Amino acid sequence: KAGVTQTPRYLIKTRGQQVTLSCSPISGHRSVSWYQQTPGQGLQFLFEYFSETQRNKGNFPGRFSGRQFSNSRSEMNVSTLELGDSALYLCASSPYLRGTSGSHNEQFFGPGTRLTVL
Amino acid sequence: DAKTTQPPSMDCAEGRAANLPCNHSTISGNEYVYWYRQIHSQGPQYIIHGLKNNETNEMASLIITEDRKSSTLILPHATLRDTAVYYCIVSPPETSGSRLTFGEGTQLTVNP
């Protein structure tokens, strides 16, 4: 079974621009979560999507948004980029939404997209 | 979620056992201990989890103290490819990983 894939792997943008990142979950997985990882802040949860609906959201400004399609693929968008948005953006997929499976819902992470804002 | 404390770095010789400690003195009764690792420039990878009994899988063993205030991840025969940052996380099972809080972790370096 193919793993979680993310595109592009590397991206360079300038301040004020916007960017869209893409994530394809493992086949059959319906939950997709996004994380931001920076050296100073560590790994921070952005949001989780399940069945095309945002189910959980972390503490990020409205410039960060996302969506999920009917095939469970997900995109996240960052508008009006700031220098501090430079980070590794990770996508993770799970078979179930939290609290619904009664089991330990292991997350499978993709390789990430390295975004650099100049 | 309960806070965890891990040493910032550890070294291990290739072929020897790597024992990574984690303190979680404020762990609640329904919280599990999860371990993930992140190899440089890759996404985190799930390793193992446990509640109160020791657990073993093909990757590692997890030893949880009787009072559950600390645990140790054991890689029985460390290889160079095990060099990574190892994260210890405690969380209720219903969190499903979406809100797992990754701390600073332990940078394990396996030396030849």
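Reading the values: the criteria
Residues numbered from 1 in each chain as written. Chains lettered and ligands numbered in written order. Predicted model: local features only at pLDDT ≥ 70, side-chain atom pairs only at ≥ 80, totals over all residues. Heavy atoms only, no water. Helix = DSSP H or I, 4+ residues; strand = E, 2+ residues; numbered from the N terminus. Contact = heavy atoms within 4.5 Å. Areas by Shrake-Rupley, 256 points an atom, 1.4 Å probe, with all protein chains shown as cover. Pairing = 2+ DSSP bridges. Axes fitted to C-alpha atoms, helices over the stretch in contact; angles between N-to-C directions. Buried < 20%, exposed > 50% of the residue type's maximum accessible area, 1.4 Å probe, protein only. Polar contact = N/O pair within 3.5 Å; in protein donor to acceptor, adjacent residues only side chain to side chain.

### Section: the overall build of chain B
Looking only at helices and strands, chain B features zero helices and nine strands. Starting at the N terminus, the α and β elements of chain B follow one another as β-β-β-β-β-β-β-β-β. Principal-axis analysis of the C-alpha atoms gives chain B an extent of 40 × 30 × 25 Å. Of all intrachain contacts in chain B linking residues separated by at least 6 positions in sequence, the fraction that spans at least 24 positions is 59%. Carbon and sulfur atoms make up 49% of the accessible area of chain B, which totals about 5,500 Å².

### Comments concerning the sheet that holds strand S9 (residues 106-111) of chain B
Neighbouring strands of a sheet are bound in pairs by backbone hydrogen bonds; such pairs are parallel or else antiparallel. Residues and elements named next belong to chain B. With mixed pairing, the five strands of this open sheet are ordered in space as S1-S9-S8-S3-S4. Unpaired on one side and paired on the other, strand S1 (9-13) and strand S4 (45-50) mark the two borders of the sheet. The mean inter-strand angle of the sheet, taken between neighbouring strand axes irrespective of direction, is 25°. Of the strand pairs in this sheet, strand S8 (residues 84-91) and S9 are connected by three bridges, and their pairing is antiparallel. Within the sheet, the bridge partner assigned to Tyr86 lies in S9 and is Thr106.

### Considerations on the side chain of His29(A)
Residue and element names in this part refer to chain A. Topologically, His29 is positioned in the loop between strand S3 (19-24) and strand S4 (31-38). The class of His29 is buried, set by a relative accessible area of 9%. Of note is the side chain of His29, whose polar atom sits 2.8 Å from the side chain of Ser93. If sequence neighbours within four positions are ignored, His29 has contacts with Ser72, Ser93, Ser94, Pro95 and Phe108.

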